[in-house]
Amino acid sequence: MSELEKLHEAVIEGDWKAAAAATEAAIAAGVAPLTIVTGCLVPAMDEVGRRFECEEYFVPEMLLSARAMKASMDILRPLLAASGAQPAGRVVIGTVKGDLHDIGKNLVASMLEGGGFEVIDLGADVPAERFIEAVTQRNANVLALSALLTVTMPAMKTVVEAFNSAGLRGKVKIMVGGAPVNQQYAESIGADGYGESAAAAVAVARRLVAA
Ligand code: B12
């Protein structure tokens with residue numbers, strides 16, 4: 001089995017130690033960091049997303065795979081930055097103000113990273129001004145908002161409105177998600193996309209970047 005095949009399997013199996021070891025070995029064997037991401041991590045996380053969607057995998061398996069992918073990305077990130085590789089897009093992500101739930105948001109961030117996106121994670125309980133600051137400073141093309149509470153869903157609308165008022169709405173695509181959120185709500189607040197899972201988030205982000 002090649003190092004890339006080992007890495008592919010380690011991510012799908014959620015074995016972070018094996019993923020880190022296979023990443024180091026692939027680099028030592030001269031495989032380009034970008035090839036490791038696009039040729040191995042992205043397809044592995046696509047497969048994890050597929051298994052999640054057909055209910056072969058559940059949240060615990062997704063978290064383990066995300067951790068394995070993160071272990072590989074932690075090694076690759078500085079090498080990618082040094083080689084000037086172009087990401088699929090730049091995403092600012094965070095859980096909206098008043099909401100401390102970040103497990104789903106972290107999963108979405110990991111899947112996006114596995115999907116080849118550069119991800120700037122602002123954490124949880126993030127006010128609208130902080131999203132504006134990060135999107136502007138980092139020149140992000142996608143903003144991903146998470147909310148898990150019905151009482152914090154309106155904060156998503158506040159963020160969309162803040163981008164409108166700042167005259168920045170044309171510069172960034174906004175996607176939303178979280179258990180109480182749905183497509184209809186996304187449309188009602190003027191968001192560009194909605195994803196019901198971390199796997200769906202990658203497909204939505206790819207569509208928004210291509211649009
Ligand atoms: C863990 C948890 C907590 C933890 C959070 C820890 C953490 N670091 O996140 C703690 C204990 C802190 C917590 C606190 C509270 N919680 Co809580 N919590 C949960 C619980 C059990 C699991 C949430 C979770 O992580 N799910 C797993 C992840 C993977 O799923 P997910 O978040 O839905 O994310 C997926 C998708 O939604 C989507 N997604 C998520 N974000 C995004 C973003 C984008 C852009 C896209 C495309 C997709 C996407 O992809 C993810 C992966 O597939 C839920 C119940 C439940 N079973 O859902 C209650 C729940 C969300 N909590 C609830 C409540 C009420 C609270 C509290 C108010 C309780 C209290 N009285 O103190 C506080 C609020 C604190 C606050 N200000 O935020 C309610 C919310 C009810 C409602 N509809 O408003 C729930 C539903 C429990 C219940 N049945 O009553 N909670």
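Position numbers for residues start from 1 in each chain and track the written sequence from start to end. Under the rules for a predicted model, residues below a pLDDT of 70 receive no local features and side-chain atom pairs below 80 are neither given nor counted, while totals for whole chains, interfaces and linings still include all residues. Calculation of side-chain values draws on the structure's entire complement of heavy atoms; hydrogens and water are dropped beforehand.

(A) Looking closely at the nonpolar core. Core analysis: the largest hydrophobic core is formed by 42 residues, its most contacted members being Leu7, Val11, Val37, Leu41, Met45, Leu112 and Met175. The helix count covers DSSP runs of H or I at least four residues long, the strand count covers runs of E at least two residues long, and both are numbered beginning at the N terminus. Considering each element in turn, this core owes the most residues, 8 residues, to helix 3 (residues 33-53). To form a nonpolar core, buried Ala, Val, Leu, Ile, Met, Phe, Trp, Tyr and Cys residues must be joined to one another through side-chain atoms within 4.5 Å. Exposure categories follow from relative accessible area, calculated using a 1.4 Å probe and restricted to protein chains: below 20% of the type maximum is buried, above 50% is exposed, and the middle band is partly exposed.

(B) Representation of the layout of surface pockets. In the cavity and pocket records, a cavity denotes points on a 1 Å grid over the protein atoms alone where a 1.4 Å probe fits but cannot get out, a pocket denotes an open set with protein on both sides within 12 Å along at least 5 of 7 lines, and lining residues are residues with an atom within 4 Å of a point. Grid points are joined across faces, edges and corners, and a volume is the space filled by probe spheres set on the points. Its volume calculated, the largest pocket comes out at about 520 Å³. Taken together, the elements giving at least two residues each to the lining of the largest pocket come down to helix 4 (59-83), helix 5 (103-114), strand 3 (142-146), strand 4 (173-177) and helix 9 (198-210). Broken down by element, the residue count for the lining of the largest pocket peaks at 5 residues, all from helix 5. Its residues assigned to classes, the lining of the largest pocket comprises 17 nonpolar, 7 polar and 3 charged. We call Asp, Glu, Lys and Arg charged. Ala, Val, Leu, Ile, Met, Phe, Trp, Tyr, Cys and Pro are nonpolar, and the rest, Gly among them, are polar.

(C) Molecular detail of helix 6 (residues 128-138). Those residues of helix 6 lying buried are Ala128, Phe131, Ile132, Ala134 and Val135. Taken from the residues just after helix 6, Asn139 is the one with a positive phi, measuring 55°.

(D) Looking closely at the coordination of the cobalt atom of the ligand. If you check the protein contacts of the cobalt atom of the ligand, you find one donor only, His101 (NE2), at 2.2 Å. Examined against the element boundaries, His101 turns out to sit in the loop between strand 1 (90-95) and helix 5. Counted as coordinating are nitrogen, oxygen and sulfur atoms within 2.8 Å of the metal, or 3.2 Å for Na, K and Ca, while water is not included, which may make sites look incomplete.

(E) Structural detail: the site of the ligand. Looking at the ligand, there are 26 residues lining it, with Leu100, His101, Asp102, Ser146 and Thr150 nearest. The term polar contact refers here to a pair of N or O atoms within 3.5 Å; inside protein, the definition further demands a hydrogen-donor-capable atom paired with an acceptor-capable atom, and it admits residues adjacent in sequence only when both atoms are side-chain atoms. Between the ligand and Ala198 there is a distance of 3.0 Å, counted from an oxygen atom to a backbone nitrogen or oxygen. When residues of the shell around the ligand are traced back to their parent elements, those giving at least two are helix 5, strand 3, strand 4 and helix 9. Residue contributions to the shell around the ligand peak at 4 residues, all from helix 5. Class assignment for the residues of the shell around the ligand results in 14 nonpolar, 9 polar and 3 charged. We call a residue near a molecule or strand whenever a single non-hydrogen atom of that residue lies within 4 Å of it.

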